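# A closer look at the structure
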Amino acid sequence: ILCLVLTSLMRDGYPGNKFLVPLDIKAEVAITQVLTLFISIFTAKDVINALDVFQVEYETSILETFPAATFSKWIITNILRFAEGCLVLIITFIFIVQSFDVLDLILNFAVMQFVSELASLGFYLAER
């Protein structure tokens, strides 16, 4: 889903303004853009969780319970989780800077938070 959204966002641009960023926006839109950027960075759970997991060492004792849970799979899943979180942040940033009014900005932000939560739910279910 995220890759399709990103390619769609990049397809509509033109040289000099690839992401169709409006140049003349109202003050309330600019303030809302800054607030939603900070909120999206501080609530990026997938990025934070992936970085937290890399601070923990892989325990080989997990192989007793889950024989297929190898070190390479552990690394790959955490890299993918980090990449997914970064992709959500990039797409959220593009949606935020493309906004002309506050309502569109909030709606796009809410949609991206929902998609991010769906991905987090998928990672949670995979852990169980």
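Note: the structure precedes this text.
Residues numbered from 1 in each chain as written. Predicted model: local features only at pLDDT ≥ 70, side-chain atom pairs only at ≥ 80, totals over all residues. Heavy atoms only, no water.

### Focus on the environment of Ile76
On the secondary structure map, Ile76 appears in helix H5 (residues 71-97). Expressed as a C-alpha distance, the spacing of Ile76 and Leu37, which sit 39 residues apart in the sequence, is 28 Å. (Helix = DSSP H or I, 4+ residues; strand = E, 2+ residues; numbered from the N terminus.)

### Some details on empty space enclosed by the protein
In this structure the tally under the stated criterion is 1 cavity of 30 Å³ or more. If you add up the space inside the largest cavity, you get close to 80 Å³. Broken down by secondary-structure element, the contributors of at least two residues to the lining of the largest cavity are helix H3 (45-55), H5 and helix H6 (102-127). If one sorts the elements of the lining of the largest cavity by residue count, H5 sits on top with 4 residues. (1 Å grid on protein atoms, 1.4 Å probe; cavity = no way out; pocket = protein on both sides within 12 Å on 5 of 7 lines; lining within 4 Å. Points joined across faces, edges and corners; volume = space filled by probe spheres on them.)

### A few points about a nonpolar patch on the surface
Residues Phe114, Leu118, Leu121, Tyr124 and Leu125 make up a contiguous nonpolar surface patch of about 520 Å² in total accessible area. Of note, Leu118 is situated in helix H6. Since its relative accessible area comes to 42%, Leu118 is described here as partly exposed. (Patch = residues over 30% accessible without salt bridge, like charges linked within 9 Å, V, L, I, M, F, W, Y side chains within 5 Å. Areas by Shrake-Rupley, 256 points an atom, 1.4 Å probe, with all protein chains shown as cover. Salt bridge = Lys/Arg side-chain N within 4 Å of Asp/Glu carboxyl O. Buried < 20%, exposed > 50% of the residue type's maximum accessible area, 1.4 Å probe, protein only.)

### Considering H3
Within H3 the residues assigned to the buried category are Asp46, Val47 and Ala50. Angularly, the buried residues of H3 cover 105 degrees about the axis, an arc narrow enough to put them on a single face. (Arc of directions from axis to C-beta.)

### What to know about the packing of H3 against H5
The description of two packed helices rests on the angle between their axes and on the distance between the axes. Their axes nearest at 7 Å, the elements H3 and H5 cross at an angle of 150 degrees. Classed by the angle they form, the pair H3 and H5 counts as roughly antiparallel. The handedness of the crossing between H3 and H5 is left-handed. Here Asp46, Val47, Asn49, Ala50, Leu51, Val53 and Phe54 of H3 lie close against H5, whose contacting residues are Trp74, Ile75, Asn78, Ile79, Arg81, Phe82, Glu84, Gly85, Cys86 and Leu89. Taken together, the residues that form the contact of H3 with H5 break down as 11 nonpolar, 3 polar and 3 charged. (Axes fitted to C-alpha atoms, helices over the stretch in contact; angles between N-to-C directions. Parallel < 35°, antiparallel > 145°, perpendicular 65-115°, else oblique. Left-handed = near helix turned anticlockwise from the far one by under 90°. Contact = heavy atoms within 4.5 Å. Nonpolar A, V, L, I, M, F, W, Y, C, P; charged D, E, K, R; others polar.)

### Considerations on the nonpolar core
Membership of the largest hydrophobic core is limited to 10 residues, which are Leu2, Leu6, Leu9, Leu87, Val88, Ile91, Ile94, Phe95, Met112 and Val115. Looking at this core, the elements that each hand over two or more residues are helix H1 (2-11), H5 and H6. Per-element tally for this core: the top contributor is H5, with 5 residues. (Core = buried A, V, L, I, M, F, W, Y, C linked by side-chain atoms within 4.5 Å.)

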